[in-house]
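Tertiary structure, described
One letter stands for each residue in the lines below.
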Amino acid sequence: MMLLADKHDYKRGYKKHIAAYQFLVDKNECVRSRCLLLIYSVECGLKYKLMDVWHETSTREWIHEKNDERAELIKSHNVQNLLKGLHQEGTFHFPTMKTIHNQDVSTNTYHQLCRYGIEVKDKYGLNARKYEEILVQIAEWIGEEI
């Protein structure tokens, strides 16, 4: 079950996570932890923007509705899907990555990579840095409007 979050919660989550991310960047520490904060910041920010587009302040009335596309989208961790909901698909291009366990990393699973500290295969090291750069671009785009 997903906890209820309203538009202001998403905004607060975006701001707190991006500030903590920036603190770790400034200290040049904890790459996986800072990227976890970054992905969650972006997720919160995108959900805030969706709520704004939908002219909603709360999910209470529709979060558990099976046929409501908003409910499915607001429960998602997939940044690409959230961007698509904002008509931004194709604006940000994420590179391919594989874990050392030979599994593909998507915008739906990136938070797991960071949360569990899973390593990427050596040849994807540059792509891991690129992933972070793209998430920073999205965070900056969100920050322009929050």
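Here's what I pulled together on the structure shown here. (Residues numbered from 1 in each chain as written. Predicted model: local features only at pLDDT ≥ 70, side-chain atom pairs only at ≥ 80, totals over all residues. Heavy atoms only, no water.)

Here the focus is the packing of helix 2 (residues 31-53) against helix 6 (residues 125-143). Where helix 2 contacts helix 6, the axes come no closer than 9 Å and their chain directions differ by 35°. Like other packed secondary-structure pairs, helix 2 and helix 6 cross with a definite hand, here left-handed. Across the interface between the two elements, Arg34, Cys35, Leu38, Ile39, Val42, Gly45, Leu46 and Lys49 from helix 2 touch Glu132, Leu135, Val136, Ile138, Ala139, Trp141 and Ile142 from helix 6. Considered class by class, the residues forming the contact of helix 2 with helix 6 number 11 nonpolar, one polar and three charged. (Axes fitted to C-alpha atoms, helices over the stretch in contact; angles between N-to-C directions. Helix = DSSP H or I, 4+ residues; strand = E, 2+ residues; numbered from the N terminus. Left-handed = near helix turned anticlockwise from the far one by under 90°. Contact = heavy atoms within 4.5 Å. Nonpolar A, V, L, I, M, F, W, Y, C, P; charged D, E, K, R; others polar.)

With 41 residues, the main nonpolar core has Val42, Leu46, Met97, Tyr110, Leu135 and Ile138 as its most contacted residues. Residue assignment for this core shows that the elements contributing at least two residues are helix 1 (7-27), helix 2, helix 3 (69-74), helix 4 (79-85), helix 5 (110-116) and helix 6. When residues of this core are assigned to their parent elements, the largest contribution, 10 residues, is made by helix 2. Setting aside chain neighbours within four positions, we find isoleucine 138 in contact with Val42, Leu46, Val79, Leu83, Phe92 and Phe94. (Core = buried A, V, L, I, M, F, W, Y, C linked by side-chain atoms within 4.5 Å. Buried < 20%, exposed > 50% of the residue type's maximum accessible area, 1.4 Å probe, protein only.)

Here we come to the state of the cysteines. By definition, a disulfide links two cysteine residues through a covalent bond between their sulfur atoms. Scanning all chains against the criterion turns up zero disulfides. The structure places no disulfide on cysteine 35, whose sulfur is separated from the nearest cysteine sulfur, that of cysteine 114, by 5.0 Å. Cysteine cysteine 44 is unpaired, with the sulfur of cysteine 114 as its nearest cysteine sulfur at 15 Å. Note on cysteine 44: relative accessible area 16%, which makes it buried. (Disulfide = S-S within 2.5 Å.)

Turning our attention to the packing of helix 1 against helix 2. Working note: a packed helix pair is described by the angle between its axes plus the distance between those axes. Closest axis-to-axis distance for the helix 1/helix 2 pair is 7 Å, and the angle between their directions is 155°. Comparing the axis directions of helix 1 and helix 2 gives the class roughly antiparallel. Both helix 1 and helix 2 take part in a crossing whose hand is left-handed. By residue class, the composition of the contact of helix 1 with helix 2 is 14 nonpolar, five polar and five charged. (Parallel < 35°, antiparallel > 145°, perpendicular 65-115°, else oblique.)

Further remarks concern unusual backbone geometry. Even without being a glycine, histidine 55 presents a positive backbone phi close to 55°. If you trace the backbone, histidine 55 turns up in the loop between helix 2 and helix 3. For histidine 55, a relative accessible area of 74% gives the class exposed. The phi dihedral of histidine 87 falls on the positive side, at around 60°, and the residue is not glycine.

Across its 21 residues, helix 1 extends 31 Å between first and last C-alpha, which sits within 8% of the 30 Å expected from 1.5 Å per residue. Within the sequence span of helix 1, burial applies to Lys7, Tyr10, Gly13, Tyr14, Tyr21 and Leu24. The buried side chains of helix 1 occupy one side of the element, clustering within an arc of 120° when seen end-on. Within helix 1, the exposed residues directed more than 90 degrees away from the buried face are Lys16 and Asp26. Where helix 1 is buried, its residues meet helix 2, helix 3 and helix 6. A distance of 3.0 Å separates the backbone nitrogen of histidine 8 from a side-chain oxygen at the start of helix 1, and that oxygen is part of aspartate 6. Directly beyond the C-terminal end of helix 1, a positive phi value near 55° is found at asparagine 28. (Expected span 1.5 Å × (residues − 1). Arc of directions from axis to C-beta. Polar contact = N/O pair within 3.5 Å; in protein donor to acceptor, adjacent residues only side chain to side chain.)

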